[in-house]
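What the coordinates show
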Amino acid sequence: MAQQVQVTIPQVLGYLDKGMTRKEISEELGISQQDVKRMFKHEELKGKQAKQQPGFVIVESADASAATNDDTFQEEHQEQEQPNY
């Protein structure tokens, strides 16, 4: 008989907070999807679902010079595009 995997409620809730599906949880823990189904019958896990993760991440610009470099790049190209009369 294979050794049983020990799983804690906070561990499973953490997986759900990360947006992991039941299939991904079964792969992470190395257990069958049937076992995951049984696991979610536990009273503390009943009705719990993965939290939707947004398709984006907002990043604060730590380097203000990146915007300055981009502005300089755009200005250089605008100067080149203007015709000389």
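Computed from a predicted structure; not experimentally measured. (Residues numbered from 1 in each chain as written. Predicted model: local features only at pLDDT ≥ 70, side-chain atom pairs only at ≥ 80, totals over all residues. Heavy atoms only, no water.)

It is worth spelling out the overall build of the protein at this point. Within the protein, the secondary structure is distributed over four helices and zero strands. Starting at the N terminus and ending at the C terminus, the protein contains elements arranged as α-α-α-α. Counting every position in the protein, which comprises 85 residues, the buried fraction comes to 14%. (Helix = DSSP H or I, 4+ residues; strand = E, 2+ residues; numbered from the N terminus. Buried < 20%, exposed > 50% of the residue type's maximum accessible area, 1.4 Å probe, protein only.)

What follows deals with the packing of aromatic side chains. By convention here, two paired aromatic rings are described through the distance between centres and the angle between planes. For the structure on display, the rule yields zero aromatic pairs. Sitting above the plane of the Phe40 ring, Arg22 keeps its charged end 4.0 Å from the centroid. (Phe/Tyr/Trp six-rings, centres within 6.5 Å; stacked < 30°, edge-to-face > 60°. Lys NZ or Arg CZ within 6 Å of the ring centre and 35° of its normal.)

Turning our attention to the packing of helix α1 (residues 9-17) against helix α2 (residues 22-29). Two numbers describe how α1 lies on α2: the axes approach to 10 Å, and their chain directions differ by 130°. With respect to α2, the element α1 is oriented oblique. Where α1 crosses over α2, the two elements pack in a sense that is right-handed. Residues Gln11, Tyr15 and Leu16 of α1 touch α2, and the partners they reach there are Ile25, Glu28 and Leu29. Of the residues assigned to the contact of α1 with α2, the class counts are four nonpolar, one polar and one charged. (Axes fitted to C-alpha atoms, helices over the stretch in contact; angles between N-to-C directions. Parallel < 35°, antiparallel > 145°, perpendicular 65-115°, else oblique. Left-handed = near helix turned anticlockwise from the far one by under 90°. Contact = heavy atoms within 4.5 Å. Nonpolar A, V, L, I, M, F, W, Y, C, P; charged D, E, K, R; others polar.)

Time to look at the side chain of Ser26. Mapped onto the fold, Ser26 is located in helix α2. Ser26 gets classed as buried once you look at its relative accessible area, which sits at 4%. If we skip the residues at most four places from it in the chain, Ser26 touches Ile31, Ser32, Gln33 and Val36.

Moving on, we get to α2. Of the positions making up α2, those classed as buried are Ile25, Ser26 and Leu29. For α2, the buried positions fall inside an angular range of 100° around the axis, keeping them on one side. Residues of α2 that are buried sit in contact with α1 and α3 (33-39). Downstream of α2 by a residue or two, Gly30 has a phi angle that is positive, lying close to 75°. (Arc of directions from axis to C-beta.)

So, to be careful, I would describe these as geometric facts and stop short of saying anything about function.
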